[in-house]
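# Coordinates in review
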Amino acid sequence: MTGRWRRIPWTMTCFATCLAAFLSVIVPVTAARADQLDAAKLSGALVRISATILPDSQSARSLGTEREGTGVVIDGSGLILTIGYTILEASQIQVTTGEGRGYPAEFVAYDQASGFGLLRAGMGFSAAPVRLGDSDAIKEGERAMVLTRQGSTGVQPVLIAAKREFAGYWEYLLDEAIFTTPPIMGFNGAALIDRKGELVGIGSLIVRDAVPAHGGIPGNMFFRSPR
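On a predicted model such as this, the values are computed, not experimentally measured, just so you know.

So, about the overall build of the chain. Looking only at helices and strands, the chain features four helices and 12 strands. Counting the 227 residues in the chain, one finds 51% classified as buried. Entry remark: accessible area of the chain is about 11200 Å², with carbon and sulfur atoms responsible for 52%.

Here you go:
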């Protein structure tokens, strides 16, 4: 893992028609596939991140001083990958497992170029990691699964809607991001899992144009996972 580590016009009628037709075909098929991947086992590698940021920090005004997100365990030492803005300038971090056990965690790194953040849980934390997959290999139209520790829906089947450049209004550019649909609300730090059960993306945003060619169907944008 390398890098420089630091850290919507449409008509509702058209949207509803396109989305209903789309989901009626893809969701039942994808849900069956999600069951085959043993989502419960994969979820064991996910934690909820709670980060406290000092009020005078540069990012506090735009991102707040209390942040939550999802993190994905990626090795046996408790190293956790997440979206960088969740832990950027954090003075205190805690991670909570699916069983409700909380552990202190330390900030490890933030990569401003990729947008990823790293932290490490301590004091007895243990979880089987998720394998890093090949985000280059996943194709538009493929089925996948999103896992999150936020909200009521921990596992959601999705479709890879697009792989394309992303330009943020804050002067941020990705050569290629992964867009999925339908959208989930607990997106920040969520794990995008391919059909092999491997991590291929980390959730960053909710967007209204995951499928621009089909009436602007909403979804989420994922950063491609490192290898």
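Read on for the rest.
Here is a general trend for soluble globular proteins: nonpolar side chains tend to be buried in one another's company. Val95, Leu192 and Leu199 are the most contacted members of the largest nonpolar core, which totals 61 residues. Take this core: its biggest share by element is six residues, from strand S11 (residues 199-211). Sequence-distant contacts of Leu199, defined by excluding residues within four places in its chain, comprise Val72, Ile74, Leu81, Val130, Arg131, Leu132, Gly133, Ala191, Leu192, Ile193 and Ser225.

The full count for this structure, using the stated rule, is six salt bridges. In this structure, Glu142 and Arg195 form a salt bridge, with 3.5 Å as the shortest nitrogen-oxygen distance. Of the two residues, Glu142 sits in the loop between strand S6 (116-121) and strand S7 (143-147) while Arg195 sits in the loop between strand S10 (191-193) and S11, which places them 53 residues apart along the sequence. Relative accessible area serves as the criterion here: at 17%, Glu142 is assigned to the buried category. Taking relative accessible area as the criterion, Arg195 reaches 34% and is therefore assigned partly exposed. Residues Lys163 and Glu176 are paired through a salt bridge, measuring 3.8 Å at the closest nitrogen-oxygen approach. Of this pair, Lys163 sits in strand S8 (residues 155-168) while Glu176 sits in strand S9 (residues 172-181); the two residues are 13 residues apart in sequence, bridging distant segments of the chain. According to the relative accessible area criterion, Glu176 is partly exposed, its value standing at 27%. Where salt bridges share partners, they join Asp136, Lys163, Glu176 and Arg224 into one cluster.

The method is simple in principle: a probe with the dimensions of a water molecule rolls over the atoms, and the space it marks as empty is what remains. Of the voids in this model, the second largest pocket is the one considered here, and its volume is about 200 Å³. Residue lining of the second largest pocket: 10 residues in total, with Ser114, Leu174, Asp175, Glu176 and Arg224 positioned closest to the centre. Among the secondary structure elements, those contributing two or more residues to the lining of the second largest pocket are S9 and strand S12 (217-224). Per-element accounting of the lining of the second largest pocket gives the leading share, four residues, to S9.

Another point: the side chain of Ser114. Looking at the element boundaries, Ser114 is found in the loop between strand S5 (102-110) and S6. Residue class for Ser114 comes out buried when judged on its relative accessible area of 18%. At 3.3 Å, the side chain of Ser114 forms a polar contact with the backbone nitrogen of Phe116.

Take the environment of Ile93 next. Along the chain, the position of Ile93 falls in strand S4 (residues 90-96). Residue Ile93 is classed as buried on the basis of its relative accessible area, which comes to 6%. Sequence separation of Ile93 and Ile53 is 40 residues, and the distance between their C-alpha atoms is 9.0 Å. Apart from residues no more than four positions distant in its own chain, Ile93 is found in contact with Ile49, Ser50, Ala51, Ile87, Tyr103, Pro104, Ala105, Glu106, Phe107 and Leu119.

How each quantity is defined
- Residues numbered from 1 in each chain as written.
- Predicted model: local features only at pLDDT ≥ 70, side-chain atom pairs only at ≥ 80, totals over all residues.
- Heavy atoms only, no water.
- Helix = DSSP H or I, 4+ residues; strand = E, 2+ residues; numbered from the N terminus.
- Buried < 20%, exposed > 50% of the residue type's maximum accessible area, 1.4 Å probe, protein only.
- Areas by Shrake-Rupley, 256 points an atom, 1.4 Å probe, with all protein chains shown as cover.
- Core = buried A, V, L, I, M, F, W, Y, C linked by side-chain atoms within 4.5 Å.
- Contact = heavy atoms within 4.5 Å.
- Salt bridge = Lys/Arg side-chain N within 4 Å of Asp/Glu carboxyl O.
- 1 Å grid on protein atoms, 1.4 Å probe; cavity = no way out; pocket = protein on both sides within 12 Å on 5 of 7 lines; lining within 4 Å.
- Points joined across faces, edges and corners; volume = space filled by probe spheres on them.
- Polar contact = N/O pair within 3.5 Å; in protein donor to acceptor, adjacent residues only side chain to side chain.

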